[in-house]
Amino acid sequence: RGYTDDRPLSSSSVYRDNYDLSYGRAKSVTAALSRTGNIAMDHFEMIALGPTQPIADNETEEGRARNRRVEIFVRADDATTDLEGLEESIEATEPPVQ
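On a predicted model such as this, the values are computed, not experimentally measured, just so you know. (Residues numbered from 1 in each chain as written. Predicted model: local features only at pLDDT ≥ 70, side-chain atom pairs only at ≥ 80, totals over all residues. Heavy atoms only, no water.)

### Here's the deal with the overall build of the chain
How we decide: In DSSP terms, a helix is any run of H or I states spanning at least four residues, a strand is any run of E spanning at least two, and both are numbered starting from the N terminus. Throughout this description, buried means an accessible area under 20% of the type-specific maximum (1.4 Å probe, protein chains only), exposed means over 50%, and partly exposed covers the range between. Note on definitions: a residue-residue contact is assigned when non-hydrogen atoms from the two residues lie within 4.5 Å. With residues, only the protein chains shown are counted as cover, and all accessible areas are computed by Shrake-Rupley using a 1.4 Å probe. The convention is simple: Lys and Arg are positive, Asp and Glu are negative, and His and the chain ends are not counted. Positions of charges follow a simple convention, taking NZ of Lys, CZ of Arg, CG of Asp or CD of Glu.
Assigned secondary structure in the chain consists of three helices and zero strands. In sequence order, the secondary structure elements of the chain are arranged as α-α-α. Seen along its three principal axes, the alpha-carbon backbone of the chain occupies a region of about 45 × 25 × 20 Å. Of all 98 residues assigned to the chain, the portion counted as buried reaches 27%. Taking the intrachain contacts of the chain between residues at least 6 apart in sequence as the baseline, contacts between residues at least 24 apart amount to 56%. Accessible surface, the chain: about 6,900 Å² in total, of which carbon and sulfur atoms supply 49%. The distance from the centre of the 11 positive side-chain charges to the centre of the 19 negative ones in the chain is 8 Å.

Here it is as structure tokens:
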């Protein structure tokens, strides 16, 4: 799930709006996890939530920075899924620069 702060994007942005940017964030993290974790892309679901559901106040730069984020949810299909190995892969992944 990709998120942004509530500030409008500049007209020179490559993204149309905050929802497009939040999808780009989610897609970038998904691609990195797929590459480093050897997980097929069709195992991911990317959701763009834009400026909805902020976790901090958008009135400060620190708060806006906290709201620009990606949340990762892991669902296991069965008890044989190696969640510990998946957690290690996630922790070893460098966050992409946006």
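### Description of the pattern of salt bridges
We apply this condition: Salt bridges, as used here, are contacts in which a Lys or Arg side-chain nitrogen is within 4 Å of a carboxyl oxygen on Asp or Glu.
Within the structure shown, the criterion is met by five salt bridges. Between Arg-68 and Glu-61 there is a salt bridge, with its nearest N and O atoms 2.8 Å apart. On the basis of relative accessibility, which here comes to 30%, the residue Arg-68 falls in the partly exposed class. Here Glu-61 falls in the partly exposed class, since its relative accessible area comes to 42%. If you follow the salt bridges from partner to partner, you end up with Asp-5, Glu-61, Arg-64 and Arg-68 in one network.

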